[in-house]
Amino acid sequence: MQLSMHGLVSITMPKHYFVRLANASQYPYQLIHSSRAKHLSLKLTSSGALSVILPQGIQTLLAHSFVQEQSAWIEKHIRQSVTKPSITARPDVLDLKMLNEKWSIEYKEGVQGSVEYSELPNHCLSITGEIQSDKLVNKIIGLFLKNKASALFSQIISELATQHGFQYSGITIRGQKGRWGSCSSRKKLNINYKLLLMPEAVVRYVFIHELCHTREMNHSAKFWQLVENYVPEYRQYREYLKEHGEIIRYF
Ligand SMILES: [Zn+2]
């Protein structure tokens, strides 16, 4: 199968779907509608972003079963050609899956004792200062993520709460190293800004999970039933977080 570029026209709100691989893991992909493509085809970028190119007149249902049929091919190529996202203290790229934005990072030596960041055009993050310090670099990337996430996460949670009738007393966006979110007995939500590095569907599941805790302060069967009411496919998102969750220890 060819990994080719057609005249790609992305849909406005990128939505992630999941293909089930032979090892029972789930892998996210997107649908890309193309007026120039003649056939259904798959595209896998070197960073591991998977898309199915959908020509005009082909039903999306067909595209989804096509992806599933190609699961062996996908699995093989993910293993072979996709370098695992390098989670290091000093990454070259930040893949903000939720926003469908890939940020390159450039480091510049500067004043010792501190670092600062600035956003350059074309999703380039410039970090200047004592860049030899993993600790400072990690901290500044965390701040960048927090600034990107704060207003956005608060707005989506507010919308979800209104839509489903949840009540919470406040939201704090922070960078916990061990959890994606939490909800206090006073119905205050803590949400991890590193969710920006996860696909949107997964992020929305986490938000619903924490909102459900405003009604059920535990992980009982009743709680999971509540979650399932709003996110029927929540199990695959939990699985995804388990498999790709190691990034939570950084930034
Ligand atoms: Zn929970």
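These remarks concern the structure in this document. Note that the structure is a prediction, hence the values are computed from the model and not measured. (Residues numbered from 1 in each chain as written. Predicted model: local features only at pLDDT ≥ 70, side-chain atom pairs only at ≥ 80, totals over all residues. Heavy atoms only, no water.)

## Structural notes on the coordination of the zinc ion
Here the zinc ion is held by the protein donor atoms H209 (NE2), H213 (NE2) and H219 (NE2), which lie 2.0 Å from it. Spacing between the donor residues of the zinc ion along their common chain follows H-x3-H-x5-H. Taken individually, H209 and H213 each receive the classification buried, so the pair is uniform in this respect. (Donors = N, O, S within 2.8 Å, 3.2 Å for Na, K, Ca; no water. Buried < 20%, exposed > 50% of the residue type's maximum accessible area, 1.4 Å probe, protein only.)

## Some points on the layout of surface pockets
Approximately 430 Å³ is the volume found for the second largest pocket. Along the walls of the second largest pocket sit 18 residues, with W180, Y205, H209, E210 and H219 positioned nearest its centre. For the lining of the second largest pocket, the secondary-structure elements that each account for two or more residues are β10 (181-183), α4 (200-212) and α6 (234-244). Element by element, the count of residues in the lining of the second largest pocket is highest for α4, at four residues. A breakdown of the residues in the lining of the second largest pocket according to their chemical character gives seven nonpolar, seven polar and four charged. (1 Å grid on protein atoms, 1.4 Å probe; cavity = no way out; pocket = protein on both sides within 12 Å on 5 of 7 lines; lining within 4 Å. Points joined across faces, edges and corners; volume = space filled by probe spheres on them. Helix = DSSP H or I, 4+ residues; strand = E, 2+ residues; numbered from the N terminus. Nonpolar A, V, L, I, M, F, W, Y, C, P; charged D, E, K, R; others polar.)

## Focus: the sheet that holds strand β8 (residues 124-129)
One open sheet accounts for four strands, arranged β5-β6-β8-β7; its pairing is mixed. A single partner strand is all that each edge strand has here, and the edge strands are β5 (93-96) and β7 (115-120). Strand after strand, the sheet turns through a mean of 25 degrees between neighbouring axes, direction not considered. Contacting β5, β6 (101-109), β7 and β8, helix α3 (residues 134-164) runs over the sheet at an angle of about 45 degrees to β7. (Pairing = 2+ DSSP bridges. Axes fitted to C-alpha atoms, helices over the stretch in contact; angles between N-to-C directions. Contact = heavy atoms within 4.5 Å.)

## Thoughts on helix α5 (residues 221-230)
Those residues of α5 not exposed but buried are F223, W224, L226 and V227. In a view along the axis of α5, the buried residues occupy a sector of 155 degrees, so they form one face of it. Of the exposed residues in α5, the ones pointing more than 90 degrees away from its buried face are A221, K222 and N229. Buried residues along α5 sit in contact with α4 and α6. (Arc of directions from axis to C-beta.)

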